[in-house]
Amino acid sequence: MFTGIVEELGVISRIQPGTQSFKLTVKAHKVLEDVKTGDSIAVNGVCLTVTQFVVDYFTADVMPETVEKTNLKYLKSGDFVNLERALRLGDRLGGHLVQGHVDAVGEIIKKEAIDIAFIYYIKAPDNVLKYTVPKGSIAIDGISLTVVDVFNDGFTVSLIPHTAQMTTLGLKKAGDKVNLESDIIGRYVEKLLRYEGRDEKVKKTLDLNFLSENGFI
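Residues numbered from 1 in each chain as written. Predicted model: local features only at pLDDT ≥ 70, side-chain atom pairs only at ≥ 80, totals over all residues. Heavy atoms only, no water.

Q: Got a minute to help me understand the packing of aromatic side chains in this structure?
A: Think of a pair of aromatic rings as described by two things: how far the centres are apart, and how the planes are tilted against each other in angle. Evaluation of the coordinates by the stated rule reveals 1 aromatic pair. Ring centres 5.3 Å apart and planes at 20° place the aromatic pair Y121 and F151 in the stacked group. A residue pair is termed long-range when its members are at least 10 positions apart, and Y121 in strand β8 (residues 117–123) and F151 in the loop between β10 (143–150) and β11 (154–159) qualify at 30 residues. By relative accessible area, F151 is classed as partly exposed at 39%. In this arrangement the basic side chain of K111 is found over the ring face of F118, its NZ or CZ atom lying 5.6 Å from the centre. (Phe/Tyr/Trp six-rings, centres within 6.5 Å; stacked < 30°, edge-to-face > 60°. Helix = DSSP H or I, 4+ residues; strand = E, 2+ residues; numbered from the N terminus. Buried < 20%, exposed > 50% of the residue type's maximum accessible area, 1.4 Å probe, protein only. Lys NZ or Arg CZ within 6 Å of the ring centre and 35° of its normal.)

Given below as structure tokens:
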């Protein structure tokens, strides 16, 4: 579990391709301060397991499923990546709860500077948009951001100069692909509202009245 607050920009040092998978070697510093083999590090919002590390590099395997469903397949040596260590109990939750499980790859359609802000229009599929609401949270390449507006084919987010400077999103432009992870809370709410109980006495479709009557809301 992560928060979507990027700790540092890493650099892809080496990519070792397999048949359908590959091994990433990433140059980093801060996220390696207390690392252990088997720890989780989010790389552009993708939860990867550290398999090897030295003072300023770590290695992780990228499985075929991850290759297919994320933008990690577009990486090349020298590229910057967003890095975040897994959340520890007791840490401040500066962003929102991010699993590191990418729902889809979106595309930057437009990037516009308005005063000090950068506005990004991101094209996204329906399986992400149905959980996306104005002023809600979404993770883009592992960055916790607040949604500005939602449209039929995408949504907009606004970056402050600090976020643009400290993450890869500040380097990206129209046409670039980004990893998208919707807010997990929306998925759980949907599951509750559509739940069909096995017991015939339980309502087959939960609604807001039922949740309220039973103390859930």
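Q: Help me understand the nonpolar core in this model?
A: General note: in soluble globular proteins, nonpolar side chains tend to be found buried as a group. In this structure, L24, I41, V43, L48, F58, L72 and L83 are the most contacted members of the largest nonpolar core, which totals 22 residues. Membership of the second largest hydrophobic core comes to 20 residues, among which are I108, V128, I140 and L180. (Core = buried A, V, L, I, M, F, W, Y, C linked by side-chain atoms within 4.5 Å.)

Q: I would appreciate a short explanation of the pattern of salt bridges in the present structure.
A: A side chain of one charge can pair with a side chain of the opposite charge when the charged atoms of the two come close. Per the stated rule, a full pass over the model turns up 14 salt bridges. The salt bridge involving E65 is made with K69; its shortest N-O contact spans 2.9 Å. With E65 and K69 both in helix α1 (residues 64–69), this residue pair falls 4 residues apart, about one helical turn. Classification of K69 by relative accessible area gives partly exposed; the value is 41%. Linked through salt bridges whose partners overlap, the residues forming this network are E7, D34, R85, R88 and D91. (Salt bridge = Lys/Arg side-chain N within 4 Å of Asp/Glu carboxyl O.)

Q: Even after reading the chapter, I still don't get the side chain of Q99, so can you show me in this structure?
A: Relative to the helices and strands, Q99 resides in the loop between β6 (80–85) and β7 (104–114). A distance of 2.8 Å separates the side chain of Q99 from the side chain of R187, its partner in a polar contact. Residue contacts for Q99: discarding those within four places in its chain leaves M1, F2, C47, E181, I184 and R187. (Polar contact = N/O pair within 3.5 Å; in protein donor to acceptor, adjacent residues only side chain to side chain. Contact = heavy atoms within 4.5 Å.)

Q: So what exactly am I meant to see when it comes to the pairing of β11 here?
A: Burial analysis of β11 places 5 of its 6 residues in the buried class, the great majority of the element. For β8 and β11, the ladder comprises 6 bridges, and the chain directions are antiparallel. The residue bridging Y121 from the neighbouring strand is T156, located in β11. Looking at chain direction, β10 and β11 are connected through 3 bridges and run antiparallel. Across the sheet, the residue bridging to D149 is T156, located in β11. Between β10 and β11, which pair antiparallel in sequence order, lie 3 residues. (Pairing = 2+ DSSP bridges.)

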